[in-house]
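# A look at the structure
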Amino acid sequence: VMVDRILAALNAAPLAPPEVKALAEALKLDRMKLLPLLRAMEKQKQVVAVAQDLYFSADAIARVRDELTRDLAGGGTLTTAAFRDRYQTSRKYAIPILEYFDRQGVTVRLGEVRKLRSAPGR
């Protein structure tokens, strides 16, 4: 039941989810009880820790990864501002998401832009 409530809270604004502190307050749950739950949900691939204290639903991250991969497939590039506008989020969330994709090997940062790490057919 708590897992469903956590997912509902994260999915209410999929690309601007509450940070752990705000999530704990919204769920009326102690932060020290919430963190192990989030870690367990991460192991079960229900949520993704994009940055410290910042979790997204795995579905939201998968959707963005798929769209980003499709958008950049032709060797295109994307700035942080373009990502922010495309996904109607803020820099507060855009930067950690993009850095997460860099760490995952999806994208690579080249100065002010990102592109796919390995564009298909190259």
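Described in the following lines is the structure provided in the data block. (Residues numbered from 1 in each chain as written. Predicted model: local features only at pLDDT ≥ 70, side-chain atom pairs only at ≥ 80, totals over all residues. Heavy atoms only, no water.)

## Quick look at the packing of aromatic side chains
Defined as follows: Stacked, edge-to-face and tilted are the three classes for Phe, Tyr and Trp ring pairs, Trp counted by its six-membered ring, which pair at centre distances within 6.5 Å; planes under 30 degrees apart are stacked, over 60 edge-to-face, the rest tilted. Three labels apply to residues, based on accessible area from a 1.4 Å probe with only protein chains included: buried if under 20% of the type maximum, exposed if over 50%, partly exposed otherwise in between.
Applying the stated rule across the entire model yields three aromatic pairs. Ring geometry for phenylalanine 83 and tyrosine 87: centres 4.7 Å apart, planes at 40°, overall tilted. Summarising the burial analysis for this pair, phenylalanine 83 and tyrosine 87 share the class buried. With 5.7 Å between their ring centres and 55° between their planes, tyrosine 100 and phenylalanine 101 make a pair best called tilted.

## So, the nonpolar core
So the rule is basically this: As used in this record, nonpolar core signifies buried Ala, Val, Leu, Ile, Met, Phe, Trp, Tyr and Cys residues forming a set joined through side-chain atoms within 4.5 Å. Only DSSP runs of H or I covering at least 4 residues are called helices, and only runs of E covering at least 2 are called strands; the numbering of each starts at the N terminus. Only heavy atoms matter for contacts: two residues are in contact if any of them lie within 4.5 Å across the pair.
Counting residues in hydrophobic clusters, the biggest one holds 22 residues, and the most contacted among them are Phe56, Phe83 and Phe101. Secondary-structure elements contributing two or more residues to this core are strand E1 (47-51), strand E2 (54-57), helix H4 (58-71) and helix H6 (91-103). Element by element, the count of residues in this core is highest for H6, at six residues. Beyond its immediate stretch of four places on either side in the chain, phenylalanine 101 contacts Ile61, Val64, Arg65, Leu68, Val106 and Thr107.

## Details of the side chain of threonine 80
Mapped onto the elements of the fold, threonine 80 is located in helix H5 (residues 80-86). Among all residues touching threonine 80, those that are not within four sequence positions of it are Arg91, Ala94, Ile95, Leu98, Glu112 and Arg114.

## Let's talk about H4
The test is simple: Multiply 1.5 Å by the residue count of a helix minus one, and that product is the helix's expected span.
Helix length check: H4, at 14 residues, gives a terminal C-alpha distance of 20 Å against a target of 20 Å (1.5 Å per residue), a fit within 8%. Of all the positions in H4, only Ala58, Ala60, Ile61, Val64, Glu67 and Leu68 are classed as buried.

## So, the sheet that holds strand E3 (residues 78-79)
What counts here: At least two DSSP bridges between two strands are needed for those strands to be called paired. In this analysis, axes come from line fits to C-alpha atoms, helices being fitted only over the stretch in contact, and the angle between any two N-to-C directions falls in the range 0 to 180 degrees.
Here we have three strands laid out as an open sheet, ordered E3-E5-E4, and antiparallel in their pairing. Two strands lie at the open edges of the sheet, namely E3 and strand E4 (107-110), each paired on one side alone. Sheet topology note: the E4/strand E5 (residues 113-116) ladder contains four bridges and is antiparallel. Looking at the pairing, leucine 110 lines up with valine 113 of E5. Along the sheet face, H6 touches E4 and E5 and points at about 110° away from the line of E4.

## Considering unusual backbone geometry
If you check the backbone angles, lysine 28 has positive phi at about 55° while not being a glycine. A relative accessible area of 75% places lysine 28 in the exposed class. The phi dihedral of glutamine 88 is positive, around 45°, even though this residue is not glycine. When its relative accessible area of 73% is taken as the criterion, glutamine 88 is described as exposed.

## Some thoughts on the layout of surface pockets
Put simply, the test is: Here a cavity means grid points, on a 1 Å grid over the protein atoms only, where a 1.4 Å probe fits yet cannot get out; a pocket means an open set of points with protein on both sides within 12 Å along at least five of seven lines; lining residues are those with an atom within 4 Å of a point. Grid points are joined across faces, edges and corners, and a volume is the space filled by probe spheres set on the points. Each residue gets one label: Ala, Val, Leu, Ile, Met, Phe, Trp, Tyr, Cys and Pro are nonpolar, Asp, Glu, Lys and Arg are charged, and the others, such as Gly, are polar.
Of the volumes computed, that of the largest pocket is approximately 150 Å³. Along the walls of the largest pocket sit Glu42, Lys45, Val47, Val48, Ala49, Ala58, Ile61, Ala62, Arg65, Tyr100 and Gln104, which together make up its complete lining. Secondary-structure elements contributing two or more residues to the lining of the largest pocket are E1 and H4. Per element, the largest residue contribution to the lining of the largest pocket is four residues, and it comes from H4. Of the residues contributing to the lining of the largest pocket, the split by class is seven nonpolar, one polar and three charged.

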